[in-house]
Amino acid sequence: YLADNAGETVFDRLLIDRLPAGAVTYAVKSGPIINDATAAEALAAGIEDAARIVETGSDMPGTVLEHCSPVFRALFETADLVIAKGQANYESLRDAPREVFFLTQVKCATIARDMQAAVGQWIVRRGADSTGRG
């Protein structure tokens, strides 16, 4: 579960509580960037009671796998399911080498065209894996 904004960690906890207990890894930024969640916000929201908290190894917007730690990349590659929140995660992972499920709000015309959605629309989107399926 790739976190997005620091203020959304409490809402993330509500969703994580509905997923299988002990099955979720919650990935946060390794340092502050814009308003993205770090371990401090995840801990403040009590995420550690419902999920394992890991850092991506990066402090840049989105999840640019080439800039993430080997530990995070291994978790990303082997996870049964990847949920990525936020437009920056969509932008950086839409061509990921595996299937990713995106939860985001469309914030600009460029992404609206790409997602074939309206600006302001909330999206749950299954992204294609490296085979082009999805």
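Residues numbered from 1 in each chain as written. Predicted model: local features only at pLDDT ≥ 70, side-chain atom pairs only at ≥ 80, totals over all residues. Heavy atoms only, no water.

**With respect to the overall build of the chain**
Right, so step 1: Along the backbone of the chain there are 5 helices and 5 strands.
Right, so step 2: From first element to last, N terminus to C terminus, the chain shows the α and β order α-β-α-β-α-β-α-β-α-β.
Right, so step 3: For 134 residues, the compact-globule estimate of 2.2 N^0.38 gives 14 Å, and the C-alpha radius of gyration of the chain, at 14 Å, lies within 12% of that figure.
Right, so step 4: Overall, the chain is about 40 × 30 × 30 Å in size when its C-alpha atoms are taken along their principal axes.
Right, so step 5: The long-range share in the chain, meaning contacts at least 24 apart out of those at least 6 apart in sequence, stands at 51%.
Right, so step 6: Here the chain has roughly 7200 Å² of accessible surface; of this, 54% comes from carbon and sulfur atoms.
Right, so step 7: Each charge class in the chain was averaged separately, 13 positive and 18 negative side chains, and the resulting centres sit 5 Å apart. (Helix = DSSP H or I, 4+ residues; strand = E, 2+ residues; numbered from the N terminus. Rg over C-alpha atoms; globule rule 2.2 N^0.38 Å. Contact = heavy atoms within 4.5 Å. Areas by Shrake-Rupley, 256 points an atom, 1.4 Å probe, with all protein chains shown as cover. Lys, Arg positive; Asp, Glu negative; His and termini not counted. Charge placed at Lys NZ, Arg CZ, Asp CG, Glu CD.)

**Details of the side chain of Lys85**
Right, so step 1: Within the secondary structure, Lys85 sits in strand β3 (residues 83-85).
Right, so step 2: Beyond its immediate chain neighbours, meaning those up to four positions away, Lys85 contacts Tyr1, Leu2, Ala3, Asp4, Glu8, Asp12 and Leu103.

**Quick look at the pairing of strand β4 (residues 101-105)**
Right, so step 1: Of the two faces of β4, the one lined by Phe102 and Thr104 is fully buried and the one lined by Phe101, Leu103 and Gln105 carries no buried residue.
Right, so step 2: Bridging between β3 and β4 involves 3 bridges; their strand directions are parallel. Looking at β4, one finds that Ile83 is bridged to Phe101.
Right, so step 3: Handedness of the crossover joining β3 and β4 through helix α4 (residues 87-93) is recorded here as right-handed.
Right, so step 4: Relative to strand β5 (residues 122-126), β4 runs antiparallel, the two being bridged by 5 bridges. Across the sheet, the residue bridging to Phe101 is Arg126, located in β5. (Buried < 20%, exposed > 50% of the residue type's maximum accessible area, 1.4 Å probe, protein only. Pairing = 2+ DSSP bridges. Right-handed = clockwise from strand over helix to strand, strands pointing away.)

**Quick word on the pattern of salt bridges**
Right, so step 1: Enumeration over the complete set of coordinates arrives at 5 salt bridges.
Right, so step 2: Residue Lys85 is joined to Glu8 by a salt bridge in which the shortest nitrogen-to-oxygen separation is 2.7 Å. Of this pair, Lys85 sits in strand β3 while Glu8 sits in the segment before α1 (9-16); the two residues are 77 residues apart in sequence, bridging distant segments of the chain.
Right, so step 3: Of the residues examined, Glu8 reaches a relative accessible area of 22% and is grouped as partly exposed.
Right, so step 4: Ionic contacts of the salt-bridge type, sharing partners, join the residues Glu8, Asp12 and Lys85 into one network. (Salt bridge = Lys/Arg side-chain N within 4 Å of Asp/Glu carboxyl O.)

**A short note on the side chain of Thr56**
Right, so step 1: Mapped onto the secondary structure, Thr56 falls in the loop between β2 (52-55) and α3 (70-78).
Right, so step 2: You can call Thr56 buried: its relative accessible area is 3%.
Right, so step 3: Of the polar contacts made by the side chain of Thr56, one reaches the backbone nitrogen of Ser58; its length is 3.1 Å.
Right, so step 4: Beyond its immediate stretch of four places on either side in the chain, Thr56 contacts Ala27, Val28, Lys29, Ser30, Cys68, Ser69 and Phe72. (Polar contact = N/O pair within 3.5 Å; in protein donor to acceptor, adjacent residues only side chain to side chain.)

**Section: the sheet that holds β5**
Right, so step 1: In space, the 3 strands of this open sheet follow the order β3-β4-β5, with mixed pairing throughout. Each edge of the open sheet carries a strand with a single partner, namely β3 and β5. Strand-to-strand twist of the sheet, defined as the mean angle between neighbouring strand axes without regard to direction, takes the value 15°. (Axes fitted to C-alpha atoms, helices over the stretch in contact; angles between N-to-C directions.)

**Let's talk about the confidence of the model for the chain**
Right, so step 1: The predicted model of the chain averages 93 in pLDDT, with 95% of residues at 70 or higher.
Right, so step 2: Below pLDDT 50 for its whole length, residues 130-134 participates in 8 contacts with residues either more than four positions away or in separate chains. (pLDDT = per-residue confidence, 0-100.)

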